[in-house]
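Listed below, chain by chain, are the residues.
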Amino acid sequence: MIRRLTLSLTIIVIFLYGCAGIQIEDISGNMDMISKSVRAASKAIRPISDKEEYYVGRAVAAKLLSVYPLLRNRRLTEYVNYVGRTVAMHSDKPFTFGGYHFAILDSNEVNAFACPGGIIFITKGLIGAVRNEDELAAVLAHEVAHVNHRDGISAIKKARWTEAVTIIGATAAKRYGSHDIARLVTLFEGSIDDVFRTLVVNGYGQRQEYNADKTALIYLARSGYDPSALKDFLARLITGGNASGGGILKTHPATVDRLRNVEENMPSKKMDKFLIKLRTQRFRGATG
Ligand SMILES: [Zn+2]
């Protein structure tokens, strides 16, 4: 009940905030008020704003945490945040409304999830599957790329957002009735489900995954990490027997195809082997 109330408040915040950006013609005293504003709102369908994306992402994160428990290891969490934020600061979108936050899920499944807006989860199992800091950065760079590309938000069915904006448009000049709020809550919950199901069950489209890998290579190179760490990690997933597991392999295209895509797009970058070694020592210190 409390959760539902919180959700209701969240939705009101989101959609009321959203209504400020919609240009509605003057509809006062017009018999056709509703249909006119619906038409206006339909024309004014706009992308979900950064602030709305943040609220959607937060709700998706809360839902994920009802499935996977959070690993409470402060030292390791701080380390993952250090590496993740280094990559995020070198991404195309270094600042999001709520910032980037990295957290570890207490699960042996090899998996990672990027919630819209910048909350990124990585499982304990995935941390165990990477060999050094550069590979960890590679996995996080892939997730940061999903945030940059707004892949999570794009999983929301267009019809839901269209209807939400239409309700807001239709009620812009009056108070929200309980029916409107109930419908907006339903639309919000549906949107969270769309994103959640895409992250956990269905996965993104192949093109989104290949693009996330391609972009990750760029972010790694920019932030001083070795882009070939992504290639090494994927190659080891193939040979290391992890291919039988669910997790990231279930929701991503065939690892062999991802590896080929990564090899084709590998930037040439001269790496300082000494620095890689230092980072590997730091990785062992934090994960050991
Ligand atoms: Zn992905």
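Note on numbering: residues in each chain are counted from 1, in written sequence order. Only residues with pLDDT of at least 70 get local features here, since the model is predicted, and only at 80 or more are side-chain atom pairs given and counted; chain-wide, interface and lining totals rely on the full set of residues. By convention in this description, side-chain values take in all heavy atoms of the structure and omit both hydrogens and water.

### Some details on the overall build of the protein
Part 1: Strands are runs of DSSP state E lasting at least 2 residues, helices are runs of H or I lasting at least 4, and numbering of each runs from the N terminus. Helix and strand counts for the protein come out as 13 helices and 3 strands.
Part 2: Split into buried and exposed, the 288 residues of the protein put 51% on the buried side.
Part 3: Long-range pairs, those at least 24 residues apart, make up 74% of the contacts in the protein with a sequence separation of at least 6.
Part 4: Where accessible areas are quoted, they stem from the Shrake-Rupley method and a 1.4 Å probe; at the residue level, only the protein chains shown are allowed to cover. Of the roughly 13900 Å² of accessible surface on the protein, a fraction of 55% belongs to carbon and sulfur atoms. We call a residue buried when its accessible area falls under 20% of the maximum for its residue type, exposed when it is over 50%, and partly exposed in between, using a 1.4 Å probe and counting protein chains only. Contact criterion: two residues are considered in contact whenever any of their non-hydrogen atoms come within 4.5 Å of each other.

### Overview of the nonpolar core
In globular proteins that are soluble, nonpolar side chains generally tend to be buried together.
Part 1: Among buried residues, those of type Ala, Val, Leu, Ile, Met, Phe, Trp, Tyr and Cys that are joined through side-chain atoms within 4.5 Å constitute a nonpolar core. Core analysis: the biggest nonpolar cluster contains 45 residues, and Ile122, Leu126 and Leu136 have the highest contact counts within it.
Part 2: At 9 residues, the largest contribution of residues to this core is made by helix α6 (residues 133-148).
Part 3: When residues no more than four places from it in sequence are discounted, the contact partners of Ile122 are Val80, Ala103, Ile104, Leu105, Asn111, Ala112, Ile127, Leu136, Val139 and Leu140.
Part 4: With 28 residues, the next largest nonpolar core counts Val60, Trp161, Ile167 and Val195 among its residues.

### Considering the pairing of strand β2 (residues 112-115)
Part 1: The two faces of β2 match: Ala112 and Ala114 on one face and Phe113 and Cys115 on the other face are all buried.
Part 2: Pairing geometry for β2 and strand β3 (residues 119-123), over 4 bridges, is antiparallel. Each bridged residue has a counterpart across the sheet, and for Ala112 the counterpart in β3 is Ile122.
Part 3: The pairing criterion is simple: DSSP has to find at least two bridges between the two strands. Remark: 3 residues form the turn of the hairpin made by β2 and β3, two consecutive strands paired antiparallel; Gly117 in that turn has positive phi of roughly 95°.

### With respect to helix α4 (residues 74-89)
Part 1: Look at α4: 22 Å from first C-alpha to last across 16 residues, which is about the 22 Å you get at 1.5 Å a residue.
Part 2: Taken residue by residue, α4 has Leu76, Thr77, Tyr79, Val80, Asn81, Val83, Gly84, Val87 and Ala88 as its buried positions.
Part 3: Considering only its buried residues, α4 is in contact with β1 (101-105), β3, α5 (124-129), α6, α9 (206-222) and α13 (273-287). What a helix is expected to span follows from its residue count: subtract one and scale by 1.5 Å.

### What to know about the sheet that holds β3
Part 1: Spatially, β1-β3-β2 is the arrangement adopted by the 3 strands of the open sheet, whose pairing is mixed. On the outer flanks of this sheet lie β1 and β2, each paired with one strand and no other. Across this sheet, the average inter-strand angle for adjacent strands is 20°, counted without regard to direction.
Part 2: Only the contacting stretch of a helix is used when fitting its axis, a line to C-alpha atoms as for every element, and angles between N-to-C directions run 0 to 180 degrees. Against the sheet, α4 engages β1 and β3, with an angle of about 135° to β1.

### Observations concerning the packing of α9 against helix α12 (residues 255-264)
Part 1: Where α9 meets α12, the axes come as close as 9 Å, and the angle between the chain directions of the two elements is 40°. In terms of orientation, α9 and α12 fall into the oblique class. Every pair of crossing elements has a handedness; the one defined by α9 and α12 is right-handed. Contact residues: α9 offers Tyr210, Asp213, Lys214 and Leu217, while α12 offers Asp257, Arg258, Asn261 and Val262.
Part 2: The classification used treats Ala, Val, Leu, Ile, Met, Phe, Trp, Tyr, Cys and Pro as nonpolar, Asp, Glu, Lys and Arg as charged, and all other residues, Gly among them, as polar. Here the contact of α9 with α12 is composed, by residue class, of 3 nonpolar, 1 polar and 4 charged. Any angle that falls under 35 degrees is termed roughly parallel, while one over 145 is termed roughly antiparallel, one within 65 to 115 roughly perpendicular, and all others oblique. The crossing is said to be left-handed when, going from far helix to near helix, the turn is anticlockwise and less than a right angle, and right-handed when the turn is clockwise.

### Concerning the side chain of Thr255
Part 1: Within the secondary structure, Thr255 is located in helix α12.
Part 2: In this structure Thr255 comes out as buried when scored by relative accessible area, which is 10%.
Part 3: Discounting residues that sit within four places of it in the chain, Thr255 has contacts with Leu234, Leu237, Ile238 and Leu249.

### What about the packing of aromatic side chains?
Part 1: Ring pairs shown here join Phe, Tyr and Trp side chains whose ring centres sit within 6.5 Å, with only the six-membered ring taken for Trp; geometry is labelled stacked below 30 degrees between planes, edge-to-face above 60, and tilted in between. Counting across every chain of the model gives 4 aromatic pairs.
Part 2: Taken together, a centroid distance of 5.2 Å and an interplanar angle of 55° make the contact between Tyr54 and Phe97 tilted. With Tyr54 in helix α3 (residues 50-67) and Phe97 in the loop between α4 and β1, this pair connects stretches of sequence that are 43 residues apart.
Part 3: Looking at Phe97, the relative accessible area reads 45%, which means it is partly exposed.
Part 4: Taken together, the ring pairs connect Tyr54, Tyr55 and Phe97 into an aromatic cluster.
Part 5: We call a charge positioned above a ring when the Lys NZ or Arg CZ atom is no farther than 6 Å from the ring centre and deviates by at most 35 degrees from the ring normal. The cationic tip of Lys63 hangs over the ring face of Phe196; the distance from NZ or CZ to the ring centre is 5.1 Å.

### Section: helix α8 (residues 178-202)
Part 1: Between its terminal C-alpha atoms α8 stretches 34 Å, which fits the 36 Å expected from 25 residues at 1.5 Å a residue.
Part 2: Two residues or fewer after α8 comes Gly203, characterised by a positive phi angle close to 80°.

### What about the pattern of salt bridges?
Side-chain pairing between opposite charges can occur once the charged atoms of the two side chains come close.
Part 1: Salt bridges are counted wherever a side-chain nitrogen of Lys or Arg sits within 4 Å of a carboxyl oxygen of Asp or Glu. According to the stated counting rule, one finds 17 salt bridges in the structure shown.
Part 2: Between Arg260 and Asp257 there is a salt bridge, with its nearest N and O atoms 3.4 Å apart. In this pair, Arg260 and Asp257 both sit in helix α12, 3 residues apart, roughly one turn of the helix.
Part 3: Judged by relative accessible area, Arg260 falls into the partly exposed class, the value being 44%.
Part 4: Of the residues examined, Asp257 reaches a relative accessible area of 27% and is grouped as partly exposed.

As far as function goes, none of this settles anything; it's purely spatial.
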